[in-house]
Amino acid sequence: MFLQRTASALARRSPARAFTLAQRPFSSSVIRSNEKKWAPKQEGKILTFDEIKGEDDLFAPGAKPGTIPTDLDQATGLERLELIGKMQGIDIFDMRPLDASRKGTLQDPIIVNGAGDEQYAGCTGFPADSHQVTWLTVSRERPIERCLECGNVVKLNYIGPEEDPHAHDHDHGHHHPPHVEPKTFADYVKPDYWYR
Amino acid sequence: MIYKSKSNFQNHPFHLVSPSPWPLFTSLSLFILTTATVLFMHGFQGFQYLVALAVFNVIYVMALWFRDVISEGTYLGNHTNAVQKGLNLGVGLFIISEVFFFLAIFWAFFHSAISPSVELGAQWPPLGIQAVNPFELPLLNTILLLSSGVTITYAHHSLIQGNRKGALYGTVVTIILAVIFTFFQGVEYSVSSFTISDSVYGSCFYFGTGFHGLHVIIGTAFLAVGLWRLAAYHLTDHHHLGYESGILYWHFVDVVWLFLYISVYYWGY
């Protein structure tokens, strides 16, 4: 009951004006839908893993009418990249745990592949799970990191593009003072302990 | 390619979802639905309209949300193997939670049925309750549901084998059987001699069969969405997680009916 009263009160208060249904004439929507129909369609194709350079290469042709598509016919995006990689024996998401077959040393570090500026590596010691996971950050500027718990050395192997467009402006225009490595024991006593 | 173009793609298989309004809208719709339902059931005037509006709202927001998920999975390719595993696990856990929901309902039934109190006439069904004959409509409904299990399995295997017609017809027949089941349950409700307020028997009977019926309706909608996506070429022979989840849900509903039939209809007759 109070709903009705409120609704009628609102109706009375609203200013009288012409009821506009649409912003543009309906005749134009016919043109619009025709436009869409006649526009050239992007026909996908099945590319091999080596031919895939970007997201545009991951459009699939789709199934023939009346058939059930397969994943190769139709999968798209990251799902397709994973599928194409698997078909050629390549695991595009390297989800294996950190190599713990040995303890990394400065001379012979554990190699961590990374395509970005930074990569995290979770060390659990040698043999694996000897200690709680310690997250080590290796970067392009500082590729070697040492586990505080067990001394395991990991090193970033950069596998990203040669010219990284993001590499020019590290603090994204904020202009913080540049990061200075804190001085350590090695700076004063034994400089050869520094890996650089 | 791997080293040259790898940074063009994310280097992990997980789907980090983008901000979405649907969780908030779903919560609001459900809050309005529960509030309106409580007020309606306590006799507040006019709240049946708000209940109806809230039900519409919940379904509408769910549709928009699932539409987004379909876009992400089918059109954007975000559902990698790892994502599919996670979704599967989610469906499995959801169905386990449903199992325990029905376990509670059966518990309530057996609590009263195994040792009927003296107020019930120390018998089950209670004195004065004329239970439904399990060998009439309920038996037919059992046959309908078991048959729908057969047809949906046929449809699923057709899909895996790449037989589009078989998959489509199998799903259509399943949905028809499901609708007939729901219709007959409605018939049974309308001709039964007791109501939900007729002793603990009526409460338990309609609690169990009512929620089962609701699940049948949801499962039918689930399969109907699968049918649409099958017809619209969304589903491949390997990747059809939504459809498969609908099938799993349907089997769950089927099994619940068997337990209902055996314990509430047959044993309780």
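Residues numbered from 1 in each chain as written. Chains lettered and ligands numbered in written order. Predicted model: local features only at pLDDT ≥ 70, side-chain atom pairs only at ≥ 80, totals over all residues. Heavy atoms only, no water.

Some thoughts on the sheet that holds strand E5 (residues 153-158) of chain A
All names here are of chain A.
For step 1, the next point in the chain: One open sheet accounts for three strands, arranged E1-E5-E4; its pairing is mixed. A strand with exactly one partner marks an edge of an open sheet, and here the two such strands are strand E1 (110-114) and strand E4 (144-146). The sheet shows a mean angle of 30° between the axes of neighbouring strands, direction not considered.
For step 2, the next point in the chain: As paired strands, E1 and E5 are joined by five bridges and run parallel to one another. The residue of E5 that forms the bridge with Gly-114 is Tyr-158. (Pairing = 2+ DSSP bridges. Helix = DSSP H or I, 4+ residues; strand = E, 2+ residues; numbered from the N terminus. Axes fitted to C-alpha atoms, helices over the stretch in contact; angles between N-to-C directions.)

Some points on the nonpolar core
Residues and elements named next belong to chain B.
For step 1, the next point in the chain: Within the largest apolar cluster, 44 residues are counted, with the highest numbers of intra-cluster contacts made by Phe-205, Leu-230 and Tyr-243.
For step 2, the next point in the chain: At the level of elements, helix H4 (81-114), helix H5 (137-161), helix H6 (164-191), helix H7 (199-231) and helix H8 (241-267) are the ones that each hand at least two residues to this core.
For step 3, the next point in the chain: Not counting the four nearest positions on each side in its chain, Phe-205 is found in contact with Val-132, Glu-188, Tyr-189, Phe-194, Gly-210, Val-264 and Tyr-265. (Core = buried A, V, L, I, M, F, W, Y, C linked by side-chain atoms within 4.5 Å. Buried < 20%, exposed > 50% of the residue type's maximum accessible area, 1.4 Å probe, protein only. Contact = heavy atoms within 4.5 Å.)

Brief notes about the interface of chain B and chain A
For step 1, the next point in the chain: Each partner contributes residues to the interface: chain B has 35 residues there, and chain A has 32 residues.
For step 2, the next point in the chain: Together chain B and chain A conceal approximately 2,800 Å² of surface at their shared face, both sides included; 61% is due to carbon and sulfur atoms.
For step 3, the next point in the chain: Linking chain B with chain A are zero salt bridges.
For step 4, the next point in the chain: Applying the counting criterion to the chain B and chain A interface returns nine residue pairs in polar contact (both at pLDDT 80 or more).
For step 5, the next point in the chain: Of all the elements in the fold, those that place two or more residues in the side of chain B that touches chain A are helix H1 (2-5), helix H3 (47-75) and H4 of chain B.
For step 6, the next point in the chain: With four residues, the top contributor of residues to the side of chain B that touches chain A is H1 of chain B.
For step 7, the next point in the chain: Grouping the amino acids of the side of chain B that touches chain A by side-chain chemistry returns 12 nonpolar, 19 polar and four charged. (Buried area = accessible area lost by both parts, 1.4 Å probe. Salt bridge = Lys/Arg side-chain N within 4 Å of Asp/Glu carboxyl O. Polar contact = N/O pair within 3.5 Å; in protein donor to acceptor, adjacent residues only side chain to side chain. Nonpolar A, V, L, I, M, F, W, Y, C, P; charged D, E, K, R; others polar.)

What about the environment of Leu-235 of chain B?
For step 1, the next point in the chain: Locating Leu-235 of chain B in the fold gives a position in the loop between H7 and H8.
For step 2, the next point in the chain: The spacing of Leu-235 of chain B and Leu-159 of chain B is 76 residues in sequence and 8.6 Å in space, taken between C-alpha atoms.
For step 3, the next point in the chain: Every residue in contact with Leu-235 of chain B, bar those within four places of it in the chain, is listed here: Ile-68, Pro-69 and Gln-74 of chain A together with Gly-226, Arg-229, Leu-230, His-240 and Tyr-243 of chain B.

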